[in-house]
Amino acid sequence: MNSFALALRQAARAAQPAGAFLRRDRGDGLFVTDAPLRCPDGGWRQALREAGFAVEARDGLARLSPGPAWSKALEAQFPGPPDAFCNSLFRFAGQDPEEESLMLFALGARALDGGDGAERFDRALRQRAAECLRLNGIHPEGPTRGSGLYACALLHHLIEEER
């Protein structure tokens, strides 16, 4: 398992209550846990948020997705682009990621963790990158669209290295 994927898993595991399971999500998140059932007082939620995860609880389960801190941490590991695709999206480095980029980041992190979806991530990332590059070219003085895409491209690089 990749060291970044392992760090995500270890951080989530360390932040949840004793005895709670941690499984790869089959939906839009990275992990699923039964922490709400193990610790009904809700202290688990704050611990997971402090570990850098967005938390969505429903029906006794919680879906965890990597938050902006994880995106920034990955960017910090690669101050320079490791490949041509990352280089094409380097202009989006150092910015707070948009919600769309965080959703893509969760999909890529799940694929890096050993889940399926690498092809889906590749396709969605390339489509989003093309859209943001085009929109930023049309409206260069407007707000930047695509913040967080460099971190997603780095995940793509790590997935390709694992293959």
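First, a word on scope: everything that follows refers to the structure included in this document. Residues take numbers from 1 onward in each chain, read along the sequence in its written order. Local features in a predicted model are, by the rule used here, given only for residues with pLDDT of at least 70; side-chain atom pairs are given and counted only at 80 or more, and totals for whole chains, interfaces and linings are based on all residues. The basis for every side-chain value is the complete set of non-hydrogen atoms in the structure, without hydrogens or water.

## Quick word on the packing of aromatic side chains
The relation between two aromatic rings is expressed through the spacing of the ring centres and the mutual angle of the planes. Within 6.5 Å between ring centres, the rings of Phe, Tyr and Trp (the latter by its six-membered ring) count as paired, and their orientation is classed by plane angle as stacked under 30 degrees, edge-to-face over 60, tilted in between. This structure, assessed with the given rule, holds four aromatic pairs. Here the aromatic residues Phe4, Phe53, Trp70 and Phe105 are joined through ring pairs into a cluster of three or more. As a reminder, the over-ring test applies to NZ of lysine and CZ of arginine, requiring each to be within 6 Å of the ring centre and within 35 degrees of the ring normal. Sitting over the ring of Phe21, Arg23 keeps its end group 4.0 Å from the ring centre. Residue placement shows Arg126 over the ring face of Phe85; its charged tip is 4.5 Å from the ring centre.

## Here we look at unusual backbone geometry
If a residue is not glycine, its phi is most likely negative; likewise, a peptide bond is most likely trans. Phi at Asp59 is positive, roughly 55°, even though this residue is not glycine. With respect to the element layout, Asp59 can be found in the loop between β3 (53–58) and β4 (61–66). Each helix is a run of H or I in the DSSP string that is no shorter than four residues. Each strand is a run of E no shorter than two, and both are numbered from the N terminus.

## Some details on the side chain of Arg9
Mapped onto the fold, Arg9 is located in helix α1 (residues 3–15). For Arg9, the side chain forms a polar contact with the side chain of Asp113, separated by 2.5 Å. Think of a polar contact as two N or O atoms within 3.5 Å of one another; within protein, one of them needs to be a possible hydrogen donor and the other a possible acceptor, and neighboring residues in sequence only count if both atoms come from side chains.

## Examining the pairing of β3
Strand pairing requires that DSSP identify at least two bridges connecting the strands. In this structure, β3 lies alongside β4, joined through six bridges in antiparallel fashion. When the bridges of β4 are listed, Arg58 appears paired with Leu61.

## Re the sheet that holds strand β2 (residues 31–33)
A sheet is described by the order of its strands in space; here four strands give the open sequence β1-β2-β4-β3, paired in antiparallel fashion. Here the strands that pair on one side only, and so sit at the sheet edges, are β1 (22–24) and β3. Adjacent strand axes in the sheet meet at a mean angle of 30°, parallel and antiparallel pairs treated alike. Where β2 and β4 come together, three bridges link them in antiparallel fashion. Here, axes are lines fitted to C-alpha atoms. For helices the fit covers the stretch in contact, and angles between N-to-C directions go from 0 to 180 degrees.

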